Amino acid sequence: MIKVLVIDDEELARKRVLYLLRQVPDVEVLGECSNGKSAIAEIDQKRPDLIFLDINMKDMNGFEVLQKITLSPKPIVIFVTAYDNYALKAFDVDAFDFLLKPFKDERFFRTIEKVRKISANEADQNFEKRIIELFNLYKTKSQKMEALDKLPIKQGNKTILLNPEDIMYITASGSYAEIFVENKKYVLRETLSNLCESLDSGKFIRIHRSSIVNLRHIKEIVHSEFSEIDARMADNTLLRVSKSYKKDFLEKVGI
């Protein structure tokens, strides 16, 4: 029996993995976690054989979770990630695997079969060293993005070098980001968390798990019932400010 814990800050992503796990024999689901802090406690307490782990969560990334757990032997790790720029090479090591969002059912089941062939000793061997290597690779990618003053977006046989100043807002659409500029929309395969880290924090702010706004393109703040607020953008689009981002947002706009 393989004991499994699912860790992802996106509810739909967790539900997808849990749904597929229910179709796998000899698997016991120990639970699910929506953030890194609870994941650390659950891993050490419930001692899973296998964890499905999102890389970029709101409170910390997956590598930080793995560096802070004390469980021994270490669990087998399957990263659930949208970081296709490096994942294909980085995760080609024993006792690690990855599922690239959006993944197909058959890819999930192949990963489970790989897990069945890995022993606990193989999973634990050089665990800390490999986590550090992957974490350094993750940081290198983030730093490269931060250094860009243009955002490259592929459009057919061309690559648009988009000036961040022109971006009004960005919304999530599955594993893609929809980037809105005046009278145009671009689609980029990237997570909002990664984009938020690469954009100027003095000009851009995340207001919801599914949206980032450019402060200079906000036309007005709309106050509605139950203390909810929306940001009306320059193109008159209304974007909800969620409770978890509300305080930071109001401080940014000086309210």
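Our structure's up above, just so we're on the same page.
Residues numbered from 1 in each chain as written. Predicted model: local features only at pLDDT ≥ 70, side-chain atom pairs only at ≥ 80, totals over all residues. Heavy atoms only, no water.

**Digging into the overall build of the chain**
And step 1. Check the secondary structure of the chain and you find 9 helices and 15 strands.
And step 2. Counting every position in the chain, which comprises 255 residues, the buried fraction comes to 47%.
And step 3. Put simply, 57% of the contacts in the chain that link residues at least 6 apart link residues at least 24 apart.
And step 4. When the accessible area of the chain is evaluated, it comes to approximately 13600 Å², of which 48% is carbon and sulfur surface. (Helix = DSSP H or I, 4+ residues; strand = E, 2+ residues; numbered from the N terminus. Buried < 20%, exposed > 50% of the residue type's maximum accessible area, 1.4 Å probe, protein only. Contact = heavy atoms within 4.5 Å. Areas by Shrake-Rupley, 256 points an atom, 1.4 Å probe, with all protein chains shown as cover.)

**Quick look at the sheet that holds strand S11 (residues 204–208)**
Two strands in a sheet stick together by hydrogen bonds in their backbones, pointing the same way (parallel) or opposite ways (antiparallel).
And step 1. If you walk across this open sheet you meet the 5 strands as S10-S9-S8-S12-S11, and the pairing is antiparallel. If you trace the sheet from one side to the other, it starts and ends with strand S10 (184–188) and S11, each paired once. Averaged over all neighbouring strand pairs, the angle between strand axes comes to 25°, with direction disregarded. (Pairing = 2+ DSSP bridges. Axes fitted to C-alpha atoms, helices over the stretch in contact; angles between N-to-C directions.)

**Examining the environment of Thr-70**
And step 1. Within the secondary structure, Thr-70 is located in the loop between helix H3 (62–68) and strand S4 (76–81).
And step 2. Taking relative accessible area as the criterion, Thr-70 reaches 62% and is therefore assigned exposed.
And step 3. Sequence separation between Thr-70 and Gln-45 is 25 residues, and the spatial gap between their C-alpha atoms is 9.7 Å.

**Comments concerning the packing of aromatic side chains**
And step 1. According to the stated counting rule, one finds 5 aromatic pairs in the structure shown.
And step 2. When the centroid spacing of 5.4 Å and the interplanar angle of 15° are considered together, the rings of Phe-52 and Phe-108 count as stacked. Note that Phe-52 is positioned in strand S3 (residues 50–54) and Phe-108 in helix H5 (residues 105–116), a separation of 56 residues in sequence.
And step 3. A relative accessible area of 1% means that Phe-52 is categorised as buried.
And step 4. Ring centres of Phe-63 and Phe-79 lie 5.3 Å apart, and the angle between their planes is 45°; on these two criteria the pair is classed as tilted. Taken together, the residues span a long stretch of sequence, with Phe-63 in helix H3 and Phe-79 in strand S4 at a distance of 16 residues.
And step 5. Here Phe-63 falls in the buried class, since its relative accessible area comes to 0%.
And step 6. An aromatic cluster of three or more residues is present, and its members are Phe-52, Phe-103, Phe-108 and Phe-109. (Phe/Tyr/Trp six-rings, centres within 6.5 Å; stacked < 30°, edge-to-face > 60°.)

**Thoughts on the pairing of strand S8 (residues 169–173)**
And step 1. Relative to strand S9 (residues 176–181), S8 runs antiparallel, the two being bridged by 5 bridges. Looking across to S9, one finds that Ala-172 is bridged to Ala-177.
And step 2. The hairpin formed by S8 and S9 contains 2 residues between the paired strands, and Gly-174 there has a positive phi angle of roughly 65°.
And step 3. Two strands pair when backbone bridges link them, and S8 and strand S12 (residues 211–214) are joined in this way by 3 bridges, in the antiparallel orientation. When the bridges of S12 are listed, Thr-171 appears paired with Ser-211.

**A word on the sheet that holds strand S15 (residues 238–241)**
And step 1. Here we have 3 strands laid out as an open sheet, ordered S13-S14-S15, and antiparallel in their pairing. Unpaired on one side and paired on the other, strand S13 (218–223) and S15 mark the two borders of the sheet. Sheet twist, expressed as the mean angle between neighbouring strand axes with direction ignored, is 30°.
And step 2. Pairing of S13 with strand S14 (residues 229–233), which is carried by 5 bridges, proceeds in the antiparallel orientation. If you follow Ile-221 over to S14, its bridge partner there is Ala-231.

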